[in-house]
Amino acid sequence: MGSNGTGGIDSEQQLPPGARGYDGFGGHIGRTSAESTPWWAPETKAPAGAPNIVVILIDDMGYSDIGPFGSEIDTPNLNRLADSGYRLSNYHTTSVCSPARAALLTGLNPHRAGYGSVANFDPGFPGLRMELADDALSLAEILRANGYATHAVGKWHLARDTNLAPGRTRDSWPLQRGFDSYYGSLEGLNSFYYPNELISDNSVVDVEEYPSDYYVTDDITDKAVSRIKSLRAHDADKPFFLYFSHIAMHGPHQAKPEDLAKYRGRHTEGWDAVRRSRFDAQLEAGFFPPGTQMAERNTEPGYDAPPWDELTEEEQLRFARYQEVYAAMVDSIDQSVGRVLDTLDELGETDNTIIVFTSDNGGTAEGGAAGTRSYFSQFVHGPVPSDWVRDVPHEELIGSERIGVHYPRGWGQASNTPFRFYKGQTFAGGVRVPFLLSWPAGLGRADGDTGLRKQYSYVTDITPTLLDLAGLETPSHRNGLPAQERDGVSIVDVLRDAAQPTPHTEQYAEFGGHRGFYRDGWKLLSLHTDPTRVDDPQWQLFDVESDPAETTDVAHLFPEKVRELAEAWDRAAWHNTVFPILNDRKAVQRRPDERRLAEPVKILAGTPTLERYRSSVLIQYRDFTIDVATHAIAAGEEGVLVAHGDPHGGYVLYVEDGRIVFSVNSYGRVAHTSAPLGADVVGVRVRAEATESVRWNFTVALTDSAGVSTDVATLVDQFQLVGMAPWTGISVGVDARGPVVWDLRERRGTFRFTGRLRSVTYTPGPVRVPEPVIQEVEELAEAMAD
């Protein structure tokens with residue numbers, strides 16, 4: 001007797017009661033192998049000839065920043081994709097990062113996916129869970145169910161920051177969402193030279209010191225190429241999905257010296273000239289109807305950009321330097337794309353690979369009116385004292401690993417040419433971004449077809465379009481639950497025929513109180529400026545068929561259309577769990593169980609660097625005490641006792657040349673205090689007293705073997721490290737990853753302590769900064785951290 005072909009035990013075969021371990025076996029079981037027939041469950045395989053799929057997602061890149069969309073920046077590899085594929089000139093995304101990523105990977109509208117905002121808080125409402133739901137299928141899960149290998153590299157930002165530490169749930173991490181492997185940063189941003197934390201699969205990469213030539217874009221590109229090569233060395237036929245999510249172009253902006261040198265002097269003409277040049281190129285390419293007007297410079301307070309010619313010579317020189325860094329980073333991304341293309345070329349698989357290149361949202365205004373050389377200080381807005389440090393005058397370091405910079409918002413508007421506003425707003429500058437798609441073998445262009453597609457499309461359409469192109473089915477369930485129905489639609493017909501109408505005819509938008517609604521060429525928008533009127537939008541109406549740059553508000557001419565679309569927005573908001581719109585302290589509220597993160601913690605010597613958010617809770621806005629316990633420090637023993645932070649801000653306690661030294665890096669400005677160590681020291685205490693003016697006063701004390709503690713040094717009136725600083729977490733016995741004090745790193749390296757360190761204990765004290773100050777700082781920092 002053998003298998004009956006139904007995937008179960010032969011119907012004639014009788015097994016003893018309780019032999020349930022054979023259920024589902026399709027062969028025959030006897031008492032010996034000679035009497036039995038083997039059977040193997042069929043392997044899940046992709047359809048023959050199924051294409052590889054590569055999605056390259058950029059962070060904070062505006063509509064006009066690449067050659068195929070009008071830029072003067074060198075992007076030959078992206079030009080190659082455009083030449084062989086399609087440019088979507090009317091593609092829309094969400095206005096910030098986490099929502100866009102959730103929508104891209106699930107096909108769900110962002111609030112339905114749980115990401116009405118960024119994955120850095122949890123106010124306790126359905127549309128703001130900041131974790132993917134159990135019934136939300138990801139593109140990776142669908143592709144893996146269809147026989148694909150699935151790999152992710154780069155930025156993730158789809159797990160709450162509280163869940164990035166050991167012992168927390170990983171339900172919304174890449175491997176739990178369908179990826180076979182992952183390498184990158186789970187955070188919303190990172191340093192390009194000294195990432196605060198990198199993850200390989202489900203574990204932290206325990207880096208003490210990065211190589212001298214390290215650059216994160218190169219690192220994640222190495223991993224992307226390695227994943228492709230490794231798969232092909234083991235399986236010549238299995239198609240793969242590569243989700244390559246760049247950390248660039250998010251601040252802090254830092255570029256490799258060789259890339260930076262290439263762009264020296266290439267943006268001295270300023271943002272007004274760049275905008276005009278890019279818009280002329282877009283018009284020539286046919287992106288917009290004849291007669292289309294470019295938006296004027298933003299003039300609204302907080303969004304405004306001055307005419308370039310009205311800047312001082314010093315401002316023009318510095319502001320041009322900021323854009324040189326940005327251009328060098330775009331060039332670096334293009335080089336990364338080239339390395340992926342070269343690998344596919346070597347394998348002979350370029351033609352049968354679908355490649356998507358796009359951005360998560362538009363260019364940003366987070367650098368402020370004048371830009372900054374102190375990126376994490378720039379996060380700290382709101383009612384802080386007027387003398388708050390917002391910039392560090394290090395002209396010669398712009399773009400280097402030693403500081404983090406960001407361009408002024410005038411360059412952000414140039415990035416978003418020809419549109420108004422920026423990342424974070426629902427106007428086109430925040431949500432219209434470049435989109436390239438190439439698949440030579442399956443989506444070749446007919447003669448005379450330029451590949452330009454002007455029909456409306458949205459980020460939720462990416463998943464259904466890719467599945468449609470590849471001819472793949474979607475599972476009906478996830479983890480035993482019926483899978484949510486996608487909101488996105490396939491735009492394959494539009495890609496194949498430029499005359500086809502868009503299947504995506506309407507779409508809501510909301511972030512931070514800003515609203516938008518698109519329907520059949522009309523777009524209703526509101527710019528949220530008054531917290532007391534968050535649910536009273538001041539609607540503007542635009543005919544975006546004839547006015548794509550949203551320059552002329554026609555709401556007063558079409559009041560019935562305003563009413564129609566406003567009512568449609570309201571219905572869509574309820575359907576997509578947009579409500580409640582946050583207008584009080586719940587905007588930065590977190591789960592009550594997070595309060596335990598502010599309890600004292602003892603860190604033993606040898607403990608890996610603490611995660612960034614866990615570390616920050618111990619010190620921000622409050623008094624705190626650091627107690628370092630050692631064996632008696634002998635003469636000649638030296639090194640770092642505890643370090644928290646990196647070049648963007650932090651503090652470090654160390655022993656050198658017989659002295660105890662405490663240094664504070666206030667967003668790039670460094671202050672020191674020190675005292676002789678003396679004999680019989682077995683402990684060091686640092687007391688931080690917070691003030692309402694967002695300062696710390698520090699006292700350093702030494703403890704002898706009899707338990708007597710003596711104050712030996714003070715450092716007063718230091719700016720508190722708040723918002724997203726310190727960016728790197730707490731290290732014990734070494735200054736790991738990014739150096740808190742650059743001179744110390746140059747002089748002593750990571751400076752591991754040579755004595756016998758027992759532990760470091762943090763005891764958080766009372767919060768001293770007023771609640772309104774904390775709320776405003778945190779709201780702005782969280783929004784800008786995406």
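Okay, so let's go over this structure. Just so it is clear, the model here is predicted, and its values are computed rather than measured. (Residues numbered from 1 in each chain as written. Predicted model: local features only at pLDDT ≥ 70, side-chain atom pairs only at ≥ 80, totals over all residues. Heavy atoms only, no water.)

### Examining the packing of aromatic side chains
Tallied over the full model, the rule gives 43 aromatic pairs. Each ring, one from Tyr-375 and one from Phe-376, has its centre 5.4 Å from the other, and the planes form 90°; the classification is edge-to-face. Assessed through its relative accessible area of 2%, Tyr-375 is described here as buried. Since its relative accessible area comes to 1%, Phe-376 is described here as buried. Considering the side-chain rings of Tyr-651 and Phe-662, the 6.2 Å spacing of their centres and the 45° angle between planes classify their relative orientation as tilted. (Phe/Tyr/Trp six-rings, centres within 6.5 Å; stacked < 30°, edge-to-face > 60°. Buried < 20%, exposed > 50% of the residue type's maximum accessible area, 1.4 Å probe, protein only.)

### Considerations on the sheet that holds strand 11 (residues 452-453)
Ordered by their spatial adjacency, 10 strands build an open sheet running 7-6-5-4-8-1-9-10-2-11, and the pairing between neighbours is mixed. The outermost strands of the open sheet, each flanked by one partner alone, are strand 7 (203-204) and strand 11. Pairing between strand 1 (residues 52-58) and strand 9 (residues 353-359): seven bridges, direction parallel. Residue Val-54 lies in a different strand from strand 9, and its bridge partner there is Ile-355. Where helix 2 (residues 97-106) meets the sheet, its contacts fall on strand 1, strand 4 (149-155) and strand 8 (240-245), and the angle it forms with strand 8 comes to roughly 170°. (Pairing = 2+ DSSP bridges. Helix = DSSP H or I, 4+ residues; strand = E, 2+ residues; numbered from the N terminus. Contact = heavy atoms within 4.5 Å. Axes fitted to C-alpha atoms, helices over the stretch in contact; angles between N-to-C directions.)

### As for the environment of Leu-317
Mapped onto the fold, Leu-317 is located in helix 8 (residues 313-347). A residue is classified by how much of its surface remains accessible, and Leu-317, at 59% relative accessible area, is exposed. Sequence separation between Leu-317 and Thr-268 is 49 residues, and the spatial gap between their C-alpha atoms is 7.1 Å.

### Some words on the sheet that holds strand 17 (residues 522-526)
Pairing is antiparallel in the open sheet, where four strands are placed in the order 15-16-17-18. Both edges of this open sheet fall to strand 15 (506-511) and strand 18 (540-543), since each of them pairs with a single strand only. Across the sheet, the axes of successive neighbouring strands diverge by a mean angle of 15°, strand direction being ignored. Pairing between strand 15 and strand 16 (residues 514-519): six bridges, direction antiparallel. Considered in strand 16, the bridge of Ala-509 is made with Gly-516. Lying over the sheet, helix 14 (residues 559-575) contacts strand 15, strand 16, strand 17 and strand 18, oriented at roughly 110° with respect to strand 16.

### Focus: helix 2
Summarising burial for helix 2: 10 of the 10 residues are buried, a large majority. Taken together, the buried positions of helix 2 are occupied by Cys-97, Ser-98, Pro-99, Ala-100, Arg-101, Ala-102, Ala-103, Leu-104, Leu-105 and Thr-106. Tucked into the core, helix 2 has its buried residues touching strand 1, helix 3 (110-113), helix 4 (139-145), strand 4, strand 8 and helix 12 (462-470).

### Things to note about helix 7 (residues 271-285)
Compared with the 21 Å implied by 1.5 Å per residue over 15 residues, the 21 Å span of helix 7 between its first and last C-alpha is a close match. Within the span of helix 7, buried status applies to Trp-271, Val-274, Arg-275, Arg-278, Phe-279 and Gln-282. Across the axial projection of helix 7, the buried residues extend over an arc of 125°, all falling on one side. In this structure, the buried side of helix 7 is in contact with helix 8 and helix 10 (409-415). Just downstream of helix 7 lies Gly-286, where phi reads positive at about 85°. (Expected span 1.5 Å × (residues − 1). Arc of directions from axis to C-beta.)

### Quick look at the packing of helix 1 (residues 76-84) against helix 8
For any two helices packed against each other, the geometry is given by the interaxial angle and the distance between the axes. In contact at an axis separation of 7 Å, helix 1 and helix 8 are set at 55° when each is read in the N-to-C sense. On the basis of their axis angle, the class for helix 1 and helix 8 is oblique. Facing helix 1, whose interface residues are Pro-76, Asn-77, Leu-78, Arg-80 and Leu-81, helix 8 presents Asp-334, Gln-335, Val-337, Gly-338, Leu-341 and Asp-345. Split by residue class, the contact of helix 1 with helix 8 holds five nonpolar, three polar and three charged. (Parallel < 35°, antiparallel > 145°, perpendicular 65-115°, else oblique. Nonpolar A, V, L, I, M, F, W, Y, C, P; charged D, E, K, R; others polar.)

### A few points about the nonpolar core
The biggest cluster of nonpolar side chains holds 74 residues, and the ones touching the most others in it are Met-61, Met-249 and Phe-357. The leading source of residues in this core is helix 8, at 14 residues. With 73 residues, the next largest nonpolar core counts Val-118, Tyr-422, Val-433 and Leu-472 among its residues. (Core = buried A, V, L, I, M, F, W, Y, C linked by side-chain atoms within 4.5 Å.)

### Topic: the side chain of Asp-646
Inspection of the secondary structure puts Asp-646 in strand 21 (residues 639-646). Although Asp-646 is buried, it makes no salt bridge; Arg-612 carries the closest opposite charge, 9.1 Å away. A distance of 2.7 Å separates polar atoms of two side chains, one belonging to Asp-646 and the other to Thr-728. (Lys, Arg positive; Asp, Glu negative; His and termini not counted. Salt bridge = Lys/Arg side-chain N within 4 Å of Asp/Glu carboxyl O. Polar contact = N/O pair within 3.5 Å; in protein donor to acceptor, adjacent residues only side chain to side chain.)

### Here we look at the pattern of salt bridges
The full count for this structure, using the stated rule, is 54 salt bridges. Salt-bridge contacts for Arg-264 lead to Glu-324; the nearest nitrogen and oxygen are separated by 2.5 Å. A residue pair is termed long-range when its members are at least 10 positions apart, and Arg-264 in the loop between helix 6 (257-262) and helix 7 and Glu-324 in helix 8 qualify at 60 residues. Its relative accessible area of 4% is what places Glu-324 among the buried residues. A salt bridge links Glu-656 to Arg-748, with the shortest nitrogen-to-oxygen separation between them at 3.1 Å. Separated by 92 residues along the polypeptide, Glu-656 in strand 22 (residues 649-656) and Arg-748 in helix 16 (residues 742-748) bring together distant segments of the chain. You can call Arg-748 partly exposed: its relative accessible area is 29%. Look at the salt bridges and you will find they share partners, linking Asp-161, Glu-187, Arg-590, Glu-594 and Arg-612 into a network.

### Quick notes on the environment of Arg-612
Locating Arg-612 in the fold gives a position in helix 15 (residues 612-617). You can call Arg-612 buried: its relative accessible area is 4%. Spatially, the C-alpha atom of Arg-612 lies 7.7 Å from that of Ile-730, the residues being 118 residues apart in sequence. The residues touching Arg-612, leaving out its near neighbours within four places in the chain, are Asn-120, Asp-161, Glu-187, Asn-196, Met-724, Pro-726, Trp-727 and Gly-729. In this structure the side chain of Arg-612 is engaged in a polar contact, spanning 2.9 Å, whose partner is the side chain of Glu-187.

### Some words on the pairing of strand 17
By the criterion of burial, strand 17 is predominantly enclosed, with five of the five residues buried. The alternating pattern of strand 17 places Trp-522, Leu-524 and Ser-526 on one face and Lys-523 and Leu-525 on the opposite face, and all of these are buried. Where strand 16 meets strand 17, five bridges bridge the pair, whose relative direction is antiparallel. Looking across to strand 17, one finds that Phe-517 is bridged to Leu-524.

### A look at the packing of helix 5 (residues 216-234) against helix 8
Two elements in contact, helix 5 and helix 8, have axes separated by 10 Å at closest approach and are oriented at 10°. By the angle between their directions, the pair helix 5 and helix 8 is classed as roughly parallel. Contacts between helix 5 and helix 8 involve Thr-217, Asp-218, Thr-221, Asp-222, Val-225, Ile-228, Lys-229 and Arg-232 from the first element and Ser-332, Ser-336, Arg-339, Val-340, Thr-343, Glu-346 and Leu-347 from the second. Among the residues forming the contact of helix 5 with helix 8, the class breakdown is four nonpolar, five polar and six charged.

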